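Residue-level listing of the chains:
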Amino acid sequence: MLVSTYASTLPAAVRSAPHRAAPRRAAPGAMSRPELAAPADVFYNEAEARKYTAGSRMVDIQEKLTHRALELLALPEGEPKLLLDIGCGSGLSGECLSDAGHLWVGSDISTAMLQVAVERDVSGDVLRADMGQGLGYRAGTFDGAISISAVQWLCSAERSSHDPRARLRCFFTSLYKVLARGARAVLQIYPDGHKQAEMITTAAMRAGFSGGLVVDYPNSTRAKKYFLTLLAGQPNLSYNPQPRLGSGDSDSDSEGEEGEGGGAHGRASVKNMQRERSGKRRRANDGGVAKGSVAWIHKKKQQRRARGEHVKSDSRYTGRKRKPGGSRF
């Protein structure tokens with residue numbers, strides 16, 4: 001077991017120690033999202049770290065999410081790999097990696113969480129690090145990476161010096177570097193809306209990753225889960241991760257933050273950012289029905305229904321011209 005503050009191994013620009021800020025009050029109705037309450041190293045203090053690990057419900061959630069992340073990682077059967085667990089906390093997700101026969105290294109910004117991991121004698125090596133300042137490992141070190149409920153913290157400007165886009169760029173650039181070429185990363189996130197999910201995914205694509213967002217149980221309010229599935233290298237056409245459909249009753253628990261209205265608008269499919277960009281270009285040049293016509297409106301409504309969105313029923317008035325201010329949908 002290795003516990004390090006990582007200050008002796010990383011460049012000076014990376015190892016600057018963050019000052020501790022006073023906890024922030026979340027807006028009314030948003031108290032279920034801990035990243036809106038305080039910075040992670042402040043929110044997960046000693047009391048919160050022990051409560052987090054002692055709760056059987058939380059342990060069960062972490063196990064389910066980690067097993068799903070491993071499934072999406074699609075590692076070869078019977079081949080132990082060296083994996084990176086980003087935001088490892090008290091080691092709950094790391095235990096699942098060990099049970100699957102893999103070696104792992106975990107990092108987290110909360111000293112209290114890491115102390116609990118040490119007390120629990122987890123089998124992986126853990127160290128304190130701020131993922132927003134980059135991952136300080138040698139290039140090509142890891143055969144894969146997972147993260148459970150952590151990356152969305154980078155979208156919060158917790159201190160005056162924090163720029164969410166810059167921190168996301170630093171994180172994904174360093175993650176791409178430390179992964180072996182052809183390795184995958186599966187990051188389970190709770191995006192706070194569509195824009196935040198797009199910001200995270202775009203930052204990953206700009207760092208060189210291919211892949212997209214897999215949304216499990218897209219039509220369920222409580223069971224919906226978002227997994228950003230990335231590949232460090234050229235796209236692998238044989239890898240086609242599929243979302244879990246249905247109600248997801250057995251997975252309806254969450255960590256109290258569902259990211260309502262989030263990243264994929266309830267799509268029952270994989271949102272591949274690169275295919276989406278090329279698809280937009282193709283659609284711009286496609287012939288077919290005239291935009292704004294009745295046939296075009298019916299087509300668009302059918303597409304939205306297929307994505308699980310709520311769309312009003314068709315009627316004899318659908319597509320008729322209305323007075324200014326009227327709605328065609």
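Residues numbered from 1 in each chain as written. Predicted model: local features only at pLDDT ≥ 70, side-chain atom pairs only at ≥ 80, totals over all residues. Heavy atoms only, no water.

Colleague: What's the story with the overall build of the protein in this structure? I'm lost.
Modeller: Broken down by element type, the protein carries nine helices and nine strands. Counting all 329 residues of the protein, 48% fall into the buried class. For the protein, the accessible area works out to roughly 16,700 Å², and carbon and sulfur atoms hold 51% of it. (Helix = DSSP H or I, 4+ residues; strand = E, 2+ residues; numbered from the N terminus. Buried < 20%, exposed > 50% of the residue type's maximum accessible area, 1.4 Å probe, protein only. Areas by Shrake-Rupley, 256 points an atom, 1.4 Å probe, with all protein chains shown as cover.)

Colleague: Explanation requested: the environment of Gly91 in the structure shown.
Modeller: Structurally, Gly91 can be placed in the loop between strand 2 (82–86) and helix 4 (92–99). Given the relative accessible area of 0%, Gly91 is considered buried. Sequence separation of Gly91 and Gln62 is 29 residues, and the distance between their C-alpha atoms is 9.8 Å. Apart from the residues within four sequence positions on either side, Gly91 is in contact with Trp104, Ala117, Arg120 and Val122. (Contact = heavy atoms within 4.5 Å.)

Colleague: Even after reading the chapter, I still don't get the packing of helix 3 (residues 56–73) against helix 4, so can you show me in this structure?
Modeller: Two quantities define a packed helix pair, namely the angle between the helix axes and the distance between the axes. Helix 4 packs onto helix 3 with a crossing angle of 50 degrees between their chain directions and a minimal axis gap of 9 Å. As judged from the angle between their axes, helix 3 and helix 4 are oblique. You can see that helix 3 and helix 4 cross each other, and the crossing is right-handed. Mapping the contact onto sequence places Val59, Gln62, Glu63, Thr66, His67 and Leu70 in helix 3 and Leu92, Ser93, Cys96 and Leu97 in helix 4. The class makeup of the residues in the contact of helix 3 with helix 4 is five nonpolar, four polar and one charged. (Axes fitted to C-alpha atoms, helices over the stretch in contact; angles between N-to-C directions. Parallel < 35°, antiparallel > 145°, perpendicular 65-115°, else oblique. Left-handed = near helix turned anticlockwise from the far one by under 90°. Nonpolar A, V, L, I, M, F, W, Y, C, P; charged D, E, K, R; others polar.)

Colleague: Sorry if this is basic, but what is going on with the nonpolar core here?
Modeller: In summary, soluble globular proteins display a tendency toward joint burial of nonpolar side chains. Residues Phe171, Phe172 and Leu175 are the most contacted members of the largest nonpolar core, which totals 38 residues. Contributions of two or more residues to this core are made by strand 2, strand 5 (142–148), helix 6 (164–178), strand 6 (179–189), helix 7 (194–206), strand 7 (210–216) and strand 8 (225–231). At six residues, helix 7 tops the list of elements feeding residues into this core. When residues no more than four places from it in sequence are discounted, the contact partners of Phe172 are Val151, Leu187, Ile200, Ala203, Ala204, Ala207, Phe209, Leu228 and Leu230. If you look at the next biggest cluster of nonpolar residues, it comprises 21 residues, including Leu73, Cys88, Trp104 and Tyr190. (Core = buried A, V, L, I, M, F, W, Y, C linked by side-chain atoms within 4.5 Å.)

Colleague: I'm lost on helix 6 in this one. Help?
Modeller: It helps to recall that an α-helix has 3.6 residues per turn; residues three or four apart then point in one direction. The first and last C-alpha atoms of helix 6 sit 21 Å apart over 15 residues, in line with the 21 Å expected at 1.5 Å per residue. Of the residues making up helix 6, those classed as buried are Pro164, Arg167, Leu168, Phe171, Phe172, Ser174, Leu175 and Val178. Buried residues along helix 6 cover an arc of 165 degrees about the axis, so they all sit on one side. Exposed side of helix 6, more than 90 degrees from the buried face: Arg165 and Arg169 are the residues found there. (Expected span 1.5 Å × (residues − 1). Arc of directions from axis to C-beta.)

Colleague: Which parts of the structure should I look at to understand the environment of Ala223?
Modeller: Along the chain, Ala223 falls in the loop between strand 7 and strand 8. Judged by relative accessible area, which is 0%, Ala223 ranks as buried. Residues Ala223 and Ser247, 24 residues apart in the sequence, show an inter-C-alpha distance of 7.3 Å.

Colleague: Just checking my understanding: could you explain the pattern of salt bridges for this structure?
Modeller: For side chains of opposite charge, pairing can occur when their charged atoms come near one another. Applying the stated criterion to the full structure yields eleven salt bridges. Where Arg50 meets Glu46, a salt bridge forms, and the shortest distance between an N and an O atom there is 3.6 Å. Within this pair, Arg50 and its partner Glu46 are both found in helix 2 (residues 46–54), separated by four residues, close to a single helical turn. Residue classification places Glu46 among the exposed positions, given a relative accessible area of 53%. Residues Arg50 and Glu119 are paired through a salt bridge, measuring 2.9 Å at the closest nitrogen-oxygen approach. You can see Arg50 sitting in helix 2 and its partner Glu119 sitting in helix 5 (residues 111–119), a full 69 residues away along the chain. Since its relative accessible area comes to 35%, Arg50 is described here as partly exposed. Residue classification places Glu119 among the partly exposed residues on the basis of a relative accessible area of 47%. Connected via shared salt-bridge partners are Arg68, Glu71, Asp216 and Arg244. (Salt bridge = Lys/Arg side-chain N within 4 Å of Asp/Glu carboxyl O.)

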